[in-house]
Amino acid sequence: AQSVTQPDIHITVSEGASLELRCNYSYGATPYLFWYVQSPGQGLQLLLKYFSGDTLVQGIKGFEAEFKRSQSSFNLRKPSVHWSDAAEYFCAVGHTGRRALTFGSGTRLQVQP
Amino acid sequence: DAGVIQSPRHEVTEMGQEVTLRCKPISGHNSLFWYRQTMMRGLELLIYFNNNVPIDDSGMPEDRFSAKMPNASFSTLKIQPSEPRDSAVYFCASSFETSGNTIYFGEGSWLTVV
């Protein structure tokens, strides 16, 4: 069975600082990997996804993520955080044999002025 | 383009009452998912359909929960009878096979059972 671990429940960064949110997955073959963002009272919005190919993927809002097979990781990064990035971020994993995604527990990002 | 549409957005109901949540997937999408989000358990998959057929309902908590997809553009999640522990946000999502596993979420139905 596939699983996702987001080790950080809550992260606080200053506006303008860099950001890295961690995600580790467990799956035997090459997974499909996703990052979603959820603002309060809203649904989940897709930030970026990795299926194959280049292990560094670019997403919306200036986010990027890097797939590292050797570390079973798919960490999300942003070079300079804006106050509007405050939200909850979810990593998710899927594969070709199953259409549904398995989500991590989420990381809540707080941005200080 | 319209996204996934859910109704109602908010519902407060009394314990024992029947609750029906509705979902209209994105046009052309052939997979539909119901997820539940709570503080304690995070995002859990309840059930998903492919081409209107239930594929995996192992996440449905118990017999009080049922889901249907009578056609490609409509699905319901029903709770009967409802209990306070069912209070959660219920998300409907959809995808299309050529998008890989990319799932698009609705805004959610916020259910409170008192």
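Residues numbered from 1 in each chain as written. Chains lettered and ligands numbered in written order. Predicted model: local features only at pLDDT ≥ 70, side-chain atom pairs only at ≥ 80, totals over all residues. Heavy atoms only, no water.

Peer 1: Hey, could you go over the pairing of strand 10 (residues 87–95) of chain A for me, with residue numbers and the actual values?
Peer 2: Residues and elements named next belong to chain A. By the criterion of burial, strand 10 is predominantly enclosed, with nine of the nine residues buried. Sheet topology places strand 5 (residues 32–38) next to strand 10; seven bridges connect them, and they run antiparallel. Among the inter-strand pairings, Leu 33 is bridged to a residue of strand 10, identified as Val 93. Pairing of strand 10 with strand 12 (residues 107–112), which is carried by three bridges, proceeds in the antiparallel orientation. Across the sheet, residue Ala 87 finds its bridge partner in strand 12, namely Leu 109. Relative to strand 11 (residues 98–103), strand 10 runs antiparallel, the two being bridged by three bridges. Bridge assignment links Ala 92 to a residue of strand 11, and that residue is Phe 103. The antiparallel pairing of strand 10 with strand 11 creates a hairpin that spans two residues between the two strands. (Buried < 20%, exposed > 50% of the residue type's maximum accessible area, 1.4 Å probe, protein only. Helix = DSSP H or I, 4+ residues; strand = E, 2+ residues; numbered from the N terminus. Pairing = 2+ DSSP bridges.)

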